[in-house]
Amino acid sequence: MLRLKSFQKNLLVSIGGIFLLFAICFSAYQYEREKEYKIDILHSRLQMYNYEMMQTLGEDSVVKDAPFKQYIVRHNMEGLRVSIISKDGRVLQDSHDNKVDSLGNHLKRTEIQQALHNGNGYDIKRLSESTHETYFYSATRFGNIIVRAAVPYSVELTRSLQADNSFLYYAFILTVLLGLALFWSTRRISRHIEYLQEFAFKAENGEELDHELERRLPDDELGAISHTIIQLYWKLRHSEEEKIRIKRQLTQNAAHELKTPAASIHGYLESILENPDLPADKKQHFLERCYAQSERMSKLLSDMSALTKLDKAPAYTHAEQKSCNIDVVPIIHNVMEDVHLQLREGGIAIKYDIPSEIIVTSPLGEAEGSSVIYSIFRNLVDNALSYAIGATTISITYRNREFIFSDNGIGVAPEHLSRLFERFYRVDKGRSRKLGGTGLGLAIVKNAVVAHGGEATAEHTPGGGLTIRFRLNK
């Protein structure tokens with residue numbers, strides 16, 4: 001026996017129930033319409049008889065015995081009974097009973113009342129008090145008299161007035177066919193939802209996933225929604241795996257980066273402790289080296305803290321409650337004032353091509369947003385001071401809502417451009433460590449830009465050097 005899934009069963013019962021109710025109501029309505037149609041045909045035939053009698057005899061002759069009976073004999077129909085009734089209900093002539101005075105008043109009869117109000121009327125299956133037979137009555141009013149024709153309810157008449165049941169068989173067959181089509185459709189939908197449910201179950205339980213379920217999904221709106229959900233899952237999973245990889249790499253790199261200064265400090269202090277008679281100038285040199293290495297560790301920990309904070313920063317959105325507008329120009333000038341001595345010692349000039357005001361929206365709030373934007377430009381300048389060998393100029397340009405930070409130093413090889421924003425990535429590892437770099441400066445720049453809804457890219461400066469392009473709002 002075929003077992004229906006709960007979703008398919010609910011869908012089939014709800015849609016099938018509505019369709020079945022509609023089919024029943026339509027069949028009942030059509031059945032009644034069919035009966036009314038056949039009754040109208042019989043009523044019309046009897047009405048024609050009434051009209052022909054009045055046209056032939058006229059109102060004066062139809063109430064007289066001889067003309068009335070002669071007409072009935074000449075136009076005899078099997079079982080037909082004709083009565084002439086006055087508008088006050090008295091029977092004036094009757095083809096089945098000569099004693100019309102004994103027939104009683106017919107004013108209250110249904111067909112008579114309808115004829116008086118509407119010109120004609122009928123009554124279905126009423127028992128005659130005089131003949132004790134059941135008749136179908138059809139009455140027509142002509143001035144002050146009413147002509148009424150009646151036929152007895154025989155087996156043949158009863159059968160002819162019944163609705164034709166052939167349309168019921170047709171409706172039943174159509175219902176069955178549509179029911180099968182509905183079953184197939186709901187089964188198909190249920191099967192595809194079952195595929196998606198299976199995928200969700202495996203994903204929830206951490207089971208091995210494959211792309212076979214995706215290939216079995218339909219090529220329609222349901223399939224498109226399912227594909228979107230599955231693609232979002234894969235993207236989320238890959239994103240989580242990438243985050244885990246980056247965190248693992250960050251931990252390994254951080255441990256490696258901290259290991260070198262820690263070992264240096266340990267070595268210098270060990271030399272001082274094990275050699276109490278060490279000359280004062282040598283001891284001073286070792287202490288200075290320990291201080292330099294501790295400064296490097298402090299800078300590394302500070303940069304790692306900044307990256308961690310940026311990783312937890314809320315996604316950029318204008319609807320963020322903390323969002324505020326910040327003018328970037330004063331921040332750029334503050335950075336340049338703080339590094340003025342380093343720039344002068346390096347013989348580097350600053351060129352600006354920026355408007356007097358650049359407003360960006362920060363989702364981090366005013367204080368934290370200003371601090372993060374400051375770190376963008378400070379890290380860019382520090383990176384140029386440390387690695388832009390031979391640079392004489394740093395240019396800061398704002399064009400088409402994009403910041404362009406460039407130098408005219410030696411630049412970097414093309415294979416390094418795509419990896420400059422990676423954490424702990426160095427073009428020249430030995431030289432970078434010698435200069436005290438942490439390898440996190442440009443990573444902080446990228447994360448700070450992303451936190452403001454923008455993106456950062458690196459490219460060669462025409463004529464030599466490195467150019468960093470970024471937007472702080474999409």
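Residues numbered from 1 in each chain as written. Predicted model: local features only at pLDDT ≥ 70, side-chain atom pairs only at ≥ 80, totals over all residues. Heavy atoms only, no water.

**Student:** Can you break down the sheet that holds strand 12 (residues 466-470) residue by residue, with the values?
**Tutor:** The mixed open sheet is built from five strands, whose spatial order is 7-9-10-12-11. Two strands bound the open sheet, and with one partner strand each, they are strand 7 (349-353) and strand 11 (456-460). When strand polarity is set aside, the average angle formed by the axes of neighbouring strands in this sheet is 15°. Relative to strand 12, strand 11 runs antiparallel, the two being bridged by five bridges. Note that in strand 12 the partner of threonine 457 across the bridge is arginine 469. Sheet contacts for helix 9 (residues 328-338): strand 7, strand 9 (393-399) and strand 10 (402-407); angle to strand 7, the most-contacted strand, approximately 175°. (Pairing = 2+ DSSP bridges. Helix = DSSP H or I, 4+ residues; strand = E, 2+ residues; numbered from the N terminus. Axes fitted to C-alpha atoms, helices over the stretch in contact; angles between N-to-C directions. Contact = heavy atoms within 4.5 Å.)

**Student:** Residue-level account of the packing of helix 9 against helix 11 (residues 366-387), with values.
**Tutor:** Relative to each other, helix 9 and helix 11 sit at 45°, their axes nearing to 9 Å. What the angle tells us is that helix 9 and helix 11 run oblique. Between helix 9 and helix 11 the crossing geometry is right-handed. Here Val328, Ile331, Ile332, Asn334, Val335, Met336 and Asp338 of helix 9 lie close against helix 11, whose contacting residues are Ser370, Ile373, Tyr374, Phe377, Arg378 and Val381. Of the residues belonging to the contact of helix 9 with helix 11, the class tally is nine nonpolar, two polar and two charged. (Parallel < 35°, antiparallel > 145°, perpendicular 65-115°, else oblique. Left-handed = near helix turned anticlockwise from the far one by under 90°. Nonpolar A, V, L, I, M, F, W, Y, C, P; charged D, E, K, R; others polar.)

**Student:** Report on the packing of aromatic side chains, specifying residues and quantitative values.
**Tutor:** The full count for this structure, using the stated rule, is eight aromatic pairs. The interplanar angle of 15° and the centroid separation of 5.8 Å between the aromatic rings of tyrosine 122 and phenylalanine 136 together place this pair among those described as stacked. Highlighted residues: tyrosine 122 in strand 3 (residues 120-127) and phenylalanine 136 in strand 4 (residues 134-142), separated in sequence by 14 residues. Overall, phenylalanine 136 belongs to the buried group, its relative accessible area being 0%. When the centroid spacing of 5.2 Å and the interplanar angle of 15° are considered together, the rings of phenylalanine 403 and phenylalanine 470 count as stacked. One end of the pair, phenylalanine 403, is in strand 10; the other, phenylalanine 470, is in strand 12, with 67 residues separating them in the sequence. Phenylalanine 470 shares its class with phenylalanine 403; the two are buried. Taken together, the ring pairs in this structure connect Phe377, Tyr398, Phe403 and Phe470 into an aromatic cluster. Positioned over the ring face of tyrosine 135 is arginine 81, at 5.9 Å from the centre of the ring. (Phe/Tyr/Trp six-rings, centres within 6.5 Å; stacked < 30°, edge-to-face > 60°. Buried < 20%, exposed > 50% of the residue type's maximum accessible area, 1.4 Å probe, protein only. Lys NZ or Arg CZ within 6 Å of the ring centre and 35° of its normal.)

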